[in-house]
Amino acid sequence: MLGTWLHLACGLSRTATNSVLKVIELIILMAIRLGYMLANPSTVIFPLASLPSSLPIKLPHDVRTAINSLSLNPIILRSVCCPKCLTKYNLDDLPQVCPRRETSRSKVCGEILSTTHSSCRGPQVVPRTLYSTQDLASWLEFFLGQPGIEDLVDLSYVHQPSVGVMHSIWDSPAWRSLGSFTTTPGNLTFSYYIDWFNPFSNKIAGKSASCGAIMLFCLNLPYELQHLPENTFFAGITPPPKEPSMITITAVSDPIVDHLEAMWPGRNICTYRHPEGVSKRLAVLPGIGDLLVIRKAFGFAGVSSHNFCSFCTLHIADIDRLDYESWTARNGVHVRANAEEWRRATTKKRRKEIFDEHGVRWSSLHRLIYRDPVQHTVLGLMHNWIEGILQHHARCKWGIGIVPSLKANQDGNDDDPVEHIHPQIADDHDDDVDMLDAELLDLHAESQEFEDIPLHPKRARSMTASMHSDSASEQDISEDANSDDDDDIFQMAESDSESDGSQSDNNLDKQEWRVTCTFNAAELSQIHACLSNAVIPSWVERPPKNLGEKSHGKLKADQWLTLFSIFLPLVLPEIWLLSPSKQHMDLLDNFHDLVTCTKLVCSHSTSPEAADQYLQHYIQYRKSSKSIFPGVSTRPNHHYAMHNADLMKFWGPLIKLSEFSYERHNGLLQKIKTNGHLCMFLIFFFYILNLTLNFY
Ligand SMILES: [Zn+2]
Ligand SMILES: [Zn+2]
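Note that this is a predicted model, so its numbers are computed, not measured. (Residues numbered from 1 in each chain as written. Chains lettered and ligands numbered in written order. Predicted model: local features only at pLDDT ≥ 70, side-chain atom pairs only at ≥ 80, totals over all residues. Heavy atoms only, no water.)

## Some details on the coordination of the zinc ion (ligand 1)
Inference 1: For the zinc ion (ligand 1), every protein donor is listed as Cys 82 (SG), Cys 85 (SG), Cys 98 (SG) and Cys 109 (SG), and the spread of their distances is 2.2 to 2.3 Å.
Inference 2: Relative to the metal, the 4 donor atoms surrounding the zinc ion (ligand 1) lie at angles of 102 to 120°, and the coordination shape comes out tetrahedral.
Inference 3: In the primary sequence, the donor residues of the zinc ion (ligand 1) line up as C-x2-C-x12-C-x10-C. Pair noted here: Cys 98 is in the loop between β2 (88-89) and β3 (114-119) and Cys 109 is in the loop between β2 and β3, with a separation of 11 residues, a long-range link. Both residues of the pair, Cys 98 and Cys 109, belong to the buried class. (Donors = N, O, S within 2.8 Å, 3.2 Å for Na, K, Ca; no water. Tetrahedral: all angles 85-135°; square planar, octahedral: opposite > 155°, others 65-115°. Helix = DSSP H or I, 4+ residues; strand = E, 2+ residues; numbered from the N terminus. Buried < 20%, exposed > 50% of the residue type's maximum accessible area, 1.4 Å probe, protein only.)

Printed below as a string of structure tokens:
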């Protein structure tokens, strides 16, 4: 275990770890010999002949043996996929070029699927891209094999929904929207989340790529346990270095939805309480993501599209309308029917017509017939409210941080103080390809030697655990990032809307910022003093004390929330109430509505009354914002936030479905040392997770 930990968690090389294992063996042997000599003084005379020459137990000399014997291997299904359209292929039957057509009358993809790499063993033909997903049934056996986990899941079946106030999804109408499914003992209900992260982290210049992590949380667990890594199903990591497009994302979602579809009617799963197996059904209820994900993964139109909202039929030209009662909600049945029509269309032109008319396209998740594509899609609170509304308010409406940025622009310096969360794809990915290539043959040999399938009794305790014939054992070869969909007029038409203004502050238009900051130097000092001196609980992270200055860099979402829920409500009334200016009173009223909405929408419990109150204050906030900040245009997030009231009524407290926990997992994935193997995140993560569980 020590060797495995050093290798997987600390990043020690395999050779060095193997040396450590040998030294440990020597130390133990020495200790045994010393003990033997102390117990038998006569051996001092003839030590060598009578002392033990080897250990009574066999210690592994190779860390791979240790990893195998600790049963850290998850069932990872690896298949070859086209680097361009991500279509899945069998390794044994791999065509030269990708024959897939987007529609029956489109031209073939034509991307070359394999490549030749020279090595010391001669030229080797290897697939260019692999895609890894985790087997759901085997993970469920791991998950439900944990002692006590079924007792915790059972709490959701006996839960009595509280009257009036909703404390979690268990109290919500959403929980009952699948009929009796969620409350039937044995059935499991999960959330579905997807987001992108840069496996090289954002700070390493020239090394940027994008992985999409697809995760499922078990909502039957008490809220505080849902997010533990051991209770999270990491379904798949989309092939780096580029994010899938709106069209190709179905190719990466399809294998995961295959698993989910198979679990809906039920399947025999071995659990801790039922080692012989028991029938389990599984459903996915909320699909959670930021705006980009909702567009891509759930089949809705982009934010700058004519049909820009996934919740209602309002057009983008009406983005400033506030008469919420007269809006028409989208209908899930119609959305699915239109998406189906889009899928059946035989030309891209026809698809574009359907998309332009209805603002929907096909999504793999539409195959889950029990889901309502509209009701069961949740726009994440973190991206929508905290980054989309609060951050926008501070930066674009108040102009906090504007001074250094404007100066930088005037100097012709593009050094934006804002860090980019969603990285651009680096053109020079060759280093990584070379590094992966060098490792490929070793890994191939290793996988054969160590049989790259989880045969350990702990992992293979299920009689039904199936080994998958289509698993490819080769290491991923990253492609050369030359996969622009330049023949896709549909995508080109959409490309303008990539920047959706919701993802992070990097999308806030500089020209939209106020020329002057709302606060003068004295007022800013007062805010800074509050940030320094206010007494707060030790577990609350204090925002930067020099707020607005370039040096503090980008604020995290929870720091924005802390700022607007703790510090600014303490100090801004002090500043504005003492002022005789009417403008300051207007600013205070506007801020009061914003803080009230924040308190209501980010609360850990909610009710229909609280949701109504939220909507009322939010409409007031938008009205006053228009007159106080006339130069600041309405962003799509401002419209989407109008729907938060209905989301609160349907889902209960939205903060408990927010992206925070998922983002933390993305952070963990990002930090894992994979020695440059971009596609190894899922495997390494599971190794480390299992290793941690073994320790405890
Ligand atoms: Zn292809
Ligand atoms: Zn809408």
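## Points about helix α16 (residues 521-533)
Helical periodicity: at 3.6 residues per turn, an α-helix aligns residues three or four positions apart in one direction.
Inference 1: For α16, spanning 13 residues, the distance from its first C-alpha to its last is 18 Å, which sits close to the expected 18 Å at 1.5 Å a residue.
Inference 2: Among all positions of α16, only Glu 523, Ile 527, His 528, Cys 530 and Leu 531 are buried. Projection of α16 onto a plane perpendicular to its axis shows the buried side chains occupying an angular sector of 155°, all on one side. Exposed and facing more than 90 degrees away from the buried side of α16 are Ala 521, Ala 522 and Asn 533.
Inference 3: Residues of α16 that are buried in the fold lie against α17 (557-577) and α18 (582-601).
Inference 4: Near the N-terminus of α16, the side chain that reaches the backbone nitrogen of Ala 522, with its oxygen 3.1 Å away, is that of Asn 520. (Expected span 1.5 Å × (residues − 1). Arc of directions from axis to C-beta. Contact = heavy atoms within 4.5 Å. Polar contact = N/O pair within 3.5 Å; in protein donor to acceptor, adjacent residues only side chain to side chain.)

## Thoughts on the coordination of the zinc ion (ligand 2)
Four donors placed tetrahedrally around a metal ideally meet at 109.5 degrees, and six donors placed octahedrally ideally meet at 90 or 180 degrees.
Inference 1: Only Cys 309 (SG), Cys 312 (SG), His 639 (NE2) and His 643 (NE2) from the protein coordinate the zinc ion (ligand 2), and they sit 2.0 to 2.2 Å from it.
Inference 2: Considered as a linear motif, the donors of the zinc ion (ligand 2) on their single chain read C-x2-C-x326-H-x3-H. With Cys 312 in the loop between α9 (291-297) and α10 (332-344) and His 643 in the loop between α20 (636-640) and α21 (644-651), this pair connects stretches of sequence that are 331 residues apart. The pair Cys 312 / His 643 is uniform in exposure class, with both members buried.

## Topic: the pattern of salt bridges
Inference 1: Tallied over the entire structure, the rule returns 21 salt bridges.
Inference 2: Two residues, Asp 586 and Lys 582, come together in a salt bridge whose shortest N-O distance is 2.8 Å. One end of the pair, Asp 586, and the other, Lys 582, are both in helix α18, 4 residues apart, so they sit about a helical turn from each other.
Inference 3: By relative accessible area, Asp 586 is classed as partly exposed at 25%.
Inference 4: Each of Asp 254, Asp 258, Glu 261 and Arg 367 takes part in a single network of salt bridges with overlapping partners. (Salt bridge = Lys/Arg side-chain N within 4 Å of Asp/Glu carboxyl O.)

## Observations concerning the environment of Thr 183
Inference 1: Looking at the secondary structure, you find Thr 183 in the loop between α6 (149-158) and β6 (188-197).
Inference 2: Spatially, the C-alpha atom of Thr 183 lies 9.2 Å from that of Asn 220, the residues being 37 residues apart in sequence.
Inference 3: Residue contacts for Thr 183: discarding those within four places in its chain leaves Tyr 157 and Trp 175.

## Section: the packing of helix α1 (residues 2-9) against helix α2 (residues 14-39)
Inference 1: The interhelical angle for the contact between α1 and α2, taken along N-to-C directions, is 160°, at an axis separation of 9 Å. One element, α1, and the other, α2, form an angle in the roughly antiparallel class. Considering how the two elements wind past one another, α1 and α2 form a crossing that is right-handed. Counting all contacts with α1, which are made through Leu 2, Gly 3, Leu 6 and His 7, the residues of α2 involved are Arg 14, Thr 17, Val 20, Leu 21 and Ile 24.
Inference 2: Here the contact of α1 with α2 is built from residues that sort into 5 nonpolar, 3 polar and 1 charged. (Axes fitted to C-alpha atoms, helices over the stretch in contact; angles between N-to-C directions. Parallel < 35°, antiparallel > 145°, perpendicular 65-115°, else oblique. Left-handed = near helix turned anticlockwise from the far one by under 90°. Nonpolar A, V, L, I, M, F, W, Y, C, P; charged D, E, K, R; others polar.)

## Description of the nonpolar core
Inference 1: One finds Leu 140, Trp 385, Trp 398, Phe 564, Leu 572, Tyr 614 and Trp 651 to be the most contacted residues of the largest nonpolar core, which totals 140 residues.
Inference 2: The dominant element in this core, judged by the number of residues it contributes, is α17, at 11 residues. (Core = buried A, V, L, I, M, F, W, Y, C linked by side-chain atoms within 4.5 Å.)

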